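Understanding the architecture of this molecule
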Amino acid sequence: MDMQELVKKHIKFTSQGDFIRSVKTLKARYNLSDSEAEAFANSNEMEHIKLMKSKFTHKQSSAKRQGIKFGFKDFQEFYYWYEAQGDRCYYCNTEFALLKKVFAKELLDSKKFNSTPHIERKDSNAGYSVDNCVLTCSLCNNAKSDMMNAENFKNYFGKAIGKFVADLYSDVITNK
Ligand SMILES: [Zn+2]
């Protein structure tokens, strides 16, 4: 069982319909033994595909609700776009794992925001697509809103926000 190959195939399969992790389906579709199918169904990789699929459908329906064009061709395109972003905010370069720790330690506290990455449109007049979207932290996305273009925001505010989060994390400052 080549896990990477299976993951690739299952991303493609998930593009064609709902997320499926039934052992029976996996077994038949990928020609696996019972124990292989079971292991794949319960793998971290499978859990990750499930999470990505829910991000995809959530974004797709929220775009529709807001009347914003959703230009990702399918789940597969979205999945590989997301992976290619790296695990950092496009604007401030903060690692999402670090931001998660900052919120977990309550160095930052908000009723509205958390450490979950946001799928942000660089040009808020254009839709969601591979070319127009980046992953950002909640601080950057909220500060930029629809007021500044991506380049100006990155140049003028990105660095400052990155430093603020890093200083919070290393106890240089507090935010109480
Ligand atoms: Zn940021």
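Residues numbered from 1 in each chain as written. Predicted model: local features only at pLDDT ≥ 70, side-chain atom pairs only at ≥ 80, totals over all residues.

**Thoughts on the packing of helix 1 (residues 3-15) against helix 5 (residues 75-84)**
Running from N to C, helix 1 and helix 5 point in directions that differ by 135°, and their axes come no closer than 7 Å. One element, helix 1, and the other, helix 5, form an angle in the oblique class. Between helix 1 and helix 5, the residues in contact are Ile11, Lys12, Thr14 and Ser15 and Phe75, Gln76 and Tyr79, respectively. Residue composition of the contact of helix 1 with helix 5, grouped by class: three nonpolar, three polar and one charged. (Axes fitted to C-alpha atoms, helices over the stretch in contact; angles between N-to-C directions. Helix = DSSP H or I, 4+ residues; strand = E, 2+ residues; numbered from the N terminus. Parallel < 35°, antiparallel > 145°, perpendicular 65-115°, else oblique. Contact = placed C-beta atoms within 7 Å. Nonpolar A, V, L, I, M, F, W, Y, C, P; charged D, E, K, R; others polar.)

**Examining the domain arrangement of the chain**
When the domains of the chain are assigned, the result is domain 1 (1-68) and domain 2 (85-176). Each of domain 1 and domain 2 has a C-alpha centre, and these two points are 28 Å apart. (Domains from an automatic or database assignment.)

**Considering unusual backbone geometry**
For Asn93, which is not glycine, the phi dihedral falls at a positive 70°. Tracing the backbone through its elements, the reader meets Asn93 in the loop between helix 5 and helix 6 (96-104). On the basis of neighbour counts, which here come to 17 C-beta atoms within 10 Å, the residue Asn93 falls in the partly exposed class. Here the phi dihedral of Glu106 falls at roughly 60°; this positive angle occurs in a residue that is not glycine. By the element assignment, Glu106 lies in the loop between helix 6 and strand 1 (118-121). (Buried ≥ 20, exposed ≤ 12 C-beta atoms within 10 Å, placed from the backbone.)

**Observations regarding the nonpolar core**
Counting residues in hydrophobic clusters, the biggest one holds 23 residues, and the most contacted among them are Cys89, Tyr91, Cys92, Cys137 and Cys140. Elements that contribute at least two residues to this core include exactly helix 4 (44-66), helix 5, helix 6, strand 2 (133-136), helix 7 (138-144) and helix 8 (150-169). Ignoring anything within four residues of it in the chain, the contact list for Cys137 reads Cys89, Cys92, Thr94, Leu99 and Pro117. (Core = buried A, V, L, I, M, F, W, Y, C linked by C-beta atoms within 7 Å.)

**Examining helix 4**
For helix 4, spanning 23 residues, the distance from its first C-alpha to its last is 33 Å, which sits close to the expected 33 Å at 1.5 Å a residue. Just past helix 4, the residue Gly67 takes up positive phi, approximately 70°. (Expected span 1.5 Å × (residues − 1).)

**Examining the environment of Leu51**
Structurally, Leu51 can be placed in helix 4. Placed 66 residues apart in sequence, Leu51 and Pro117 show a C-alpha to C-alpha distance of 13 Å.

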